[in-house]
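If you want the building blocks of each chain, they are given just below.
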Amino acid sequence: MNELDAAGITDPALRASYAACRRLNAHHGRTFFLATRLLPARARPAAHALYGFARMADELVDNPEPGTDPAAELDRVAAMVEDVFAGGSPDAPVLAALSDTVHSYGIAQDLFEAFLRSMRADLKPVEYATFTDLGAYTYGSAAVIGLQMLPVFGTVGPLADAEPGAIALGEAFQLTNFLRDVGEDLDRGRLYLPLDELAAFGVSRELLEARRPDPRIRAAMAYFVARTRAVYRRAEAGVPLLRPESRPCVRTALTLYEGILDEIAALDHDVLTRRAVVPKTRRLVVALPAFAAVWARGTLGAGRRLRS
């Protein structure tokens, strides 16, 4: 069955909006898109809408169209989000799907406001002294996305019990991106690795910007990798609190994204001259058993319903 049919989305314009979000997810979020294929079909459009909105806003900041003002574009998006929660009907494709999703799942407005605040922080060169300083940014840029997704995934108990795991999920993915993209972020005038932590290994921003292999940088990166793995353990602890049908999606995304840390280690923690990428073969090795289990569960469940 088509995902949109399964979700009960019949309006042609709304279907087109969700389809646009799905394309954004497929193009920009290959790992997450693969994992969303493990969700029940009815839940996938909402996951695409939430990812599509986040990617749209992120692109306004990271890759603005020539001649546009990213700050003004973010203000425009913030106004549309306010309109969504005021009961309006935005005509921007991604916002239309977002509006339908937030009202269907009861997702709080403050999560989107926090996200846009973090996006605005990226409009100027940034650096953070400590992990505490960085935490305010990562909450808005990533943890809130885990919280947004939580009602879509569903929980077996109170939503609040699963929130720490959802926050850790977003944080783990974001910290992994920071480690993988150190050089790319420096090109944009950003350094997300806390300066105090880097200084403990004798690493400065200037040393990173030199882009030369250095044992001090490797030691610092090894430390950050180990610290990030601990965040993944906190995220894993939250998976059993999700609805059973959502767990394969989240477990697969966790395993694949943590695989980036494995690739960083395999590069001897050289993140400045090479980019850590999980090979397609490994993604398939991780995902295929989960797909097989989901397919078997669906097939056996359908058989039991037919026999009944």
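Below or above, wherever it landed, is the structure these notes cover.

What counts and what doesn't
Residues numbered from 1 in each chain as written. Predicted model: local features only at pLDDT ≥ 70, side-chain atom pairs only at ≥ 80, totals over all residues. Heavy atoms only, no water. Core = buried A, V, L, I, M, F, W, Y, C linked by side-chain atoms within 4.5 Å. Buried < 20%, exposed > 50% of the residue type's maximum accessible area, 1.4 Å probe, protein only. Helix = DSSP H or I, 4+ residues; strand = E, 2+ residues; numbered from the N terminus. Patch = residues over 30% accessible without salt bridge, like charges linked within 9 Å, V, L, I, M, F, W, Y side chains within 5 Å. Areas by Shrake-Rupley, 256 points an atom, 1.4 Å probe, with all protein chains shown as cover. Salt bridge = Lys/Arg side-chain N within 4 Å of Asp/Glu carboxyl O. Lys, Arg positive; Asp, Glu negative; His and termini not counted. Charge placed at Lys NZ, Arg CZ, Asp CG, Glu CD. Contact = heavy atoms within 4.5 Å. Expected span 1.5 Å × (residues − 1). Bend = angle between axes of the 7 residues up to and from the residue. Polar contact = N/O pair within 3.5 Å; in protein donor to acceptor, adjacent residues only side chain to side chain.

## Comments concerning the nonpolar core
So, point 1. Core analysis: the biggest nonpolar cluster contains 94 residues, and Phe53, Leu95, Leu116, Leu193, Leu208 and Met221 have the highest contact counts within it.
So, point 2. With 11 residues, the top contributor of residues to this core is helix 4 (residues 44-62).

## A look at a negative patch on the surface
So, point 1. On the surface, a cluster of negative charge is contributed by Glu82, Asp83, Asp110 and Glu113.
So, point 2. Among the elements of the structure, helix 5 (70-85) and helix 7 (109-121) are those that each provide at least two residues to the negative patch.

## What to know about the environment of Ala162
So, point 1. Among the structural elements, Ala162 can be located in helix 9 (residues 159-180).
So, point 2. Distance from Ala162 to Pro215, taken between C-alpha atoms, is 40 Å for residues 53 residues apart in sequence.

## Considering the environment of Leu254
So, point 1. Relative to the helices and strands, Leu254 resides in helix 14 (residues 247-266).
So, point 2. Expressed as a C-alpha distance, the spacing of Leu254 and Gly202, which sit 52 residues apart in the sequence, is 31 Å.
So, point 3. Here Leu254 is in contact with Leu169, Phe173, Tyr232, Ala235, Glu236 and Val239, once residues within four sequence places are set aside.

## Details of helix 8 (residues 131-153)
So, point 1. Under the 1.5 Å per step criterion, the end-to-end length of helix 8 is only 29 Å for 23 residues, more than 12% shorter than the ideal 33 Å.
So, point 2. Tyr139 marks where helix 8 bends most, by close to 50°.
So, point 3. Most of helix 8 sits inside the fold, with 17 of its 23 residues counted as buried.
So, point 4. Capping the start of helix 8 is the job of one residue whose side-chain oxygen sits 3.3 Å from the backbone nitrogen of Thr132: Thr130.
So, point 5. Looking at the residues trailing helix 8, positive phi occurs at Gly154, about 80°.

## What to know about the environment of Glu236
So, point 1. On the secondary structure map, Glu236 appears in helix 13 (residues 215-238).
So, point 2. Separated by 194 residues in the primary sequence, Glu236 and Arg42 place their C-alpha atoms 24 Å from one another.
So, point 3. Leaving out residues up to four positions away in the same chain, Glu236 has contacts with Leu254 and Glu258.
So, point 4. At 3.0 Å, the side chain of Glu236 forms a polar contact with the side chain of Arg233.

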